[in-house]
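# Architecture and fold: a report
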Amino acid sequence: MALRNIVEIGDPILRKQCRPVGEVTDRTRMILDDMVETMRNAMGVGLAAPQVGIMRRIFVAEPEEGRVMYMVDPEIITMEGEQESEEGCLSVPGKSGTVIRPEKVTIKAKDRDGKEQTYELEGFDAVVVCHEFDHLEGVLYVDKAEDVHDIEG
């Protein structure tokens, strides 16, 4: 496994739509493992492939320590309700803002082994996967946020 450099706001790669992965290969699994290591090293709860310079539809999320979700070619099936969340982003260091996200989301994706999975998520889990999914579409949380401000501390 290897730490990857995290791309920051201002880099045009963060504004591009990602391409599908298709088949999950050993290389895909290596990227997923590197992304988890990079996310944890940066104290994040999610990381999308474009944030490490890879234009593929891949993200990882760990909304709770030790519970990693691997999402390859994710597709949001349903969204319902709404919740307000205070969000930051590893690609937008030192900032935070309030975003309206769905309360519940159903997302379908291939896992680390290439098996299709369907996840029904709510609360913080839904926030994390929607935030990371946006990265695959070239959208940053600051595009949706109200009251973007510097993080104190």
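Report follows, based on the coordinates. Because the structure is a prediction, the values reported are computed rather than measured.

Strand order in the open sheet formed by 3 strands is 4-5-8, and the pairing between neighbours is antiparallel. At either margin of the open sheet sits one strand with a lone partner, and together these are strand 4 (83–89) and strand 8 (146–150). This sheet shows a mean twist of 20 degrees between the axes of neighbouring strands, independent of strand direction. Together, strand 4 and strand 5 (92–101) form the strand contacts of helix 2 (residues 124–136), whose direction differs from that of strand 4 by roughly 55 degrees.

On the surface, Glu82, Glu84, Glu86, Glu146 and Asp147 cluster together into a patch of negative charge. Listed by contribution, the elements that provide at least two residues to the negative patch are strand 4 and strand 8. Looking at the secondary structure, you find Glu146 in strand 8.

All right, on to the sheet that holds strand 1 (residues 46–48) then. Spatially, 5 strands are ordered 1-2-3-6-7 in an open sheet, and the strand pairing comes out antiparallel. Where the open sheet ends on each side, the last strands, each with one partner, are strand 1 and strand 7 (116–122). Shown here is a sheet whose adjacent strand axes are inclined to one another by a mean of 40 degrees, direction ignored. Pairing between strand 6 (residues 104–110) and strand 7: 7 bridges, direction antiparallel.

This structure, assessed with the given rule, holds 15 salt bridges. Glu137 serves as the salt-bridge partner of Arg57, at 2.7 Å between the closest nitrogen and oxygen. Taken together, the residues span a long stretch of sequence, with Arg57 in the loop between strand 1 and strand 2 (58–64) and Glu137 in the loop between helix 2 and strand 8 at a distance of 80 residues. Its relative accessible area of 11% is what places Arg57 among the buried residues. Look at Glu137 and you get partly exposed, because its relative accessible area is 28%.

Residue position: Glu132 is located in helix 2. Buried and without a salt bridge, Glu132 has Arg101 as its closest oppositely charged side chain, separated by 8.2 Å. One polar contact links the side chain of Glu132 to the main-chain amide nitrogen of Ala48, over a distance of 3.2 Å. Those residues in contact with Glu132, other than ones at most four positions away along the chain, are Gly46, Leu47, Ala48, Gln51, Phe59 and Val60.

Before going further, it helps to examine the nonpolar core. Formed by 22 residues in total, the largest nonpolar core has its most connected members in Phe59, Met69, Met71, Ile107, Leu121 and Val129. When residues of this core are assigned to their parent elements, the largest contribution, 6 residues, is made by helix 2. Filtering out sequence-adjacent residues up to four positions away, Val129 remains in contact with Phe59, Met69, Met71, Val105 and Leu121.

Further remarks concern helix 2. Spanning 13 residues, helix 2 covers 19 Å between terminal C-alpha atoms, matching the ideal 18 Å at 1.5 Å per step. Of all 13 residues in helix 2, 12 are buried, a share of seventy percent or more. Residues of helix 2 that are buried include every one of Asp125, Ala126, Val127, Val128, Val129, Cys130, His131, Glu132, Phe133, Asp134, His135 and Leu136, and no others.

Turning to unusual backbone geometry, a few remarks are in order. Phi is positive for Met43, close to 65 degrees, though the residue is something other than glycine. Tracing the sequence through the fold places Met43 in the loop between helix 1 (26–41) and strand 1. Relative accessible area serves as the criterion here: at 73%, Met43 is assigned to the exposed category. Phi angles above zero are rare outside glycine, and Asp147 is one such case at about 55 degrees. Within the secondary structure, Asp147 is located in strand 8.

Reading guide: rules and limits
- Residues numbered from 1 in each chain as written.
- Predicted model: local features only at pLDDT ≥ 70, side-chain atom pairs only at ≥ 80, totals over all residues.
- Heavy atoms only, no water.
- Pairing = 2+ DSSP bridges.
- Helix = DSSP H or I, 4+ residues; strand = E, 2+ residues; numbered from the N terminus.
- Axes fitted to C-alpha atoms, helices over the stretch in contact; angles between N-to-C directions.
- Contact = heavy atoms within 4.5 Å.
- Patch = residues over 30% accessible without salt bridge, like charges linked within 9 Å, V, L, I, M, F, W, Y side chains within 5 Å.
- Areas by Shrake-Rupley, 256 points an atom, 1.4 Å probe, with all protein chains shown as cover.
- Salt bridge = Lys/Arg side-chain N within 4 Å of Asp/Glu carboxyl O.
- Lys, Arg positive; Asp, Glu negative; His and termini not counted.
- Charge placed at Lys NZ, Arg CZ, Asp CG, Glu CD.
- Buried < 20%, exposed > 50% of the residue type's maximum accessible area, 1.4 Å probe, protein only.
- Polar contact = N/O pair within 3.5 Å; in protein donor to acceptor, adjacent residues only side chain to side chain.
- Core = buried A, V, L, I, M, F, W, Y, C linked by side-chain atoms within 4.5 Å.
- Expected span 1.5 Å × (residues − 1).

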